[in-house]
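Okay, here's what each chain looks like letter by letter:
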Amino acid sequence: AQKVTQAQTEISVVEKEDVTLDCVYETRDTTYYLFWYKQPPSGELVFLIRRNSFDEQNEISGRYSWNFQKSTSSFNFTITASQVVDSAVYFCALSDSGGSNYKLTFGKGTLLTVNP
Amino acid sequence: ETGVTQSPTHLIKTRGQQVTLRCSSQSGHNTVSWYQQALGQGPQFIFQYYREEENGRGNFPPRFSGLQFPNYSSELNVNALELDDSALYLCASSPRERTAGELFFGEGSRLTVL
């Protein structure tokens, strides 16, 4: 069975601080996808990134960066120079590459609060 | 491009009642998935629909059922409501041809069961 663990329930930082959100996953599949989604107070989840299990290159997109380490089954997310607008719940998720491509297994989420 | 829209946004029901939630997928998207998100938890996959047929189901009892229509919109029906069904119900759409997992979510329908 697939499982995603986000050990940090809540994180509070001051604007301009860097913050890293941790994600550890479990799967028996050799091919799988990892995701990060953002959920602002309005409720809809917003897709941030997808990585497949064969691509361990780290990725940077503006102030966001992701560190995928297969050896430790981790897919951590770092926000550099955080801003108040980054305040949201962030979810890490996992899916297999088979027929259920749209079935995501989510972690419990990390509530990030960025204070001015 | 119109995004995913869900209705109603909020509703209150009592135990034993039935509820229907509706979802209009984003233009051009032919796959719809439904997720249940309890307070303080991550979303849990209920089922997905493609070409009007259920195509994958999570660990939910048969009283959770759905439909997809020719225009790709969808309904989620829950019978014999229980207190634990209180949650945010999220609909997500995606074009089938797109690489896995990039789902476009609506803002959800918040169901309270008393």
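Above this text is the structure in question.
An account of the accompanying structure is given in this report. Bear in mind that the values here come from a model prediction, so they are computed numbers and not experimental data.

**Points about the overall build of chain A**
When you go through chain A residue by residue, the secondary structure sums to zero helices and twelve strands. By the compact-globule yardstick of 13 Å for 116 residues, chain A fits well, its C-alpha radius of gyration being 14 Å. For the C-alpha atoms alone, the extent of chain A along its principal axes is close to 45 × 30 × 20 Å. Going through the 116 residues of chain A one by one, you find that 43% of them count as buried.

**Here we look at the environment of T20 of chain B**
Residues and elements named next belong to chain B. Its place among the elements puts T20 in strand β3 (residues 19–24). Leaving out residues up to four positions away in the same chain, T20 has contacts with P8, E75, L76 and N77. A polar atom in the side chain of T20 sits 3.0 Å from the side chain of Q18. In terms of polar contacts, T20 uses its side chain to reach the side chain of N77, at 2.6 Å.

**Structural notes on the state of the cysteines**
When the sulfur atoms of two cysteines share a covalent bond, that bond is a disulfide. Counted by the stated rule, this structure contains two disulfides over all chains. The disulfide bridge from C23 of chain A ends at C92 of chain A, spanning 2.0 Å between sulfur atoms. The sign of the -65° torsion about the S-S bond sets the C23 of chain A-C92 of chain A disulfide as left-handed. Taken together, the residues span a long stretch of sequence, with C23 of chain A in the loop between β3 (19–21) and β4 (24–26) and C92 of chain A in strand β10 (residues 88–96) at a distance of 69 residues. Classification of C92 of chain A as buried rests on a relative accessible area of 0%. Each sulfur of the disulfide joining C23 of chain B and C91 of chain B lies 1.8 Å from the other. Across the disulfide from C23 of chain B to C91 of chain B, rotation about the S-S bond amounts to roughly -65°, and the bridge is consequently left-handed. One end of the pair, C23 of chain B, is in strand β3; the other, C91 of chain B, is in strand β9 (residues 87–94), and 68 residues separate them in sequence.

**Re the environment of V13 of chain A**
Residues and elements named next belong to chain A. Mapped onto the fold, V13 is located in strand β2 (residues 10–14). On the basis of relative accessible area, V13 is assigned to the buried category, the value being 6%. For the pair V13 and L112, spaced 99 residues apart in sequence, the C-alpha to C-alpha distance is 7.8 Å. Each residue touching V13, except ones within four places of it in the same chain, is listed here: V19, S82, L112, T113, V114 and N115.

**Notes on the pattern of salt bridges**
Taken as a whole and judged by the stated rule, the model has eight salt bridges over all chains. A salt bridge links R50 of chain A to E102 of chain B; the shortest N-O distance between them is 3.7 Å. Separated into two different chains, R50 of chain A in strand β6 (residues 46–52) and E102 of chain B in the loop between β9 and β10 (104–105) make up a pair that spans both. For E102 of chain B, a relative accessible area of 16% gives the class buried. Ionic pairing is found between E54 of chain B and R57 of chain B, a salt bridge with its closest N-O pair at 3.1 Å.

**Re the sheet that holds strand β8 (residues 74–78) of chain B**
Residues and elements named next belong to chain B. Across the sheet, four strands lie side by side as β1-β3-β8-β7; this open sheet has antiparallel pairing. Strand pairing shows two members of the sheet lacking a second neighbour, β1 (5–7) and β7 (64–68), which therefore form its edges. Within the sheet, the average angular offset between the axes of one strand and its neighbour, ignoring direction, is 20°. The sheet contact formed by β1 and β3 spans three bridges and is antiparallel. Bridge assignment links S7 to a residue of β3, and that residue is R22.

Rules used in this analysis
- Each chain has its residues counted from 1, running along the sequence as written.
- Both sets of labels track the order of writing: A upward for chains, 1 upward for ligands.
- With the structure being a predicted model, the display of local features is reserved for residues of pLDDT at least 70 and the display and counting of side-chain atom pairs for 80 or more, all residues being used for whole-chain, interface and lining totals.
- Excluding hydrogens and water, the side-chain figures rest on all heavy atoms present in the structure.
- Only runs of H or I of at least four residues qualify as helices and only runs of E of at least two qualify as strands under DSSP, and these elements are numbered from the N terminus.
- Note that the radius of gyration is over C-alpha atoms, with the globule rule given as 2.2 Å times the number of residues to the power 0.38.
- When accessible area is computed with a 1.4 Å probe and restricted to protein chains, residues below 20% of their type maximum are described as buried, those above 50% as exposed, and intermediate ones as partly exposed.
- Residues count as neighbours in contact if any of their non-hydrogen atoms are within 4.5 Å of one another.
- Between N or O atoms, a polar contact is any pair within 3.5 Å; within protein, one atom must be a potential hydrogen donor and the other a potential acceptor, and residues adjacent in sequence are included only when both atoms are from side chains.
- Disulfides are defined as cysteine sulfur pairs within 2.5 Å.
- Within this document, salt bridges are pairs made up of a side-chain nitrogen of Lys or Arg and a carboxyl oxygen of Asp or Glu, the two lying within 4 Å of each other.
- Here a strand pair is declared whenever DSSP counts at least two bridges between the two strands.
- Every axis corresponds to a line fitted to the C-alpha atoms, with the helix fit spanning only the stretch in contact, and the corresponding angles, defined between N-to-C directions, vary from 0 to 180 degrees.

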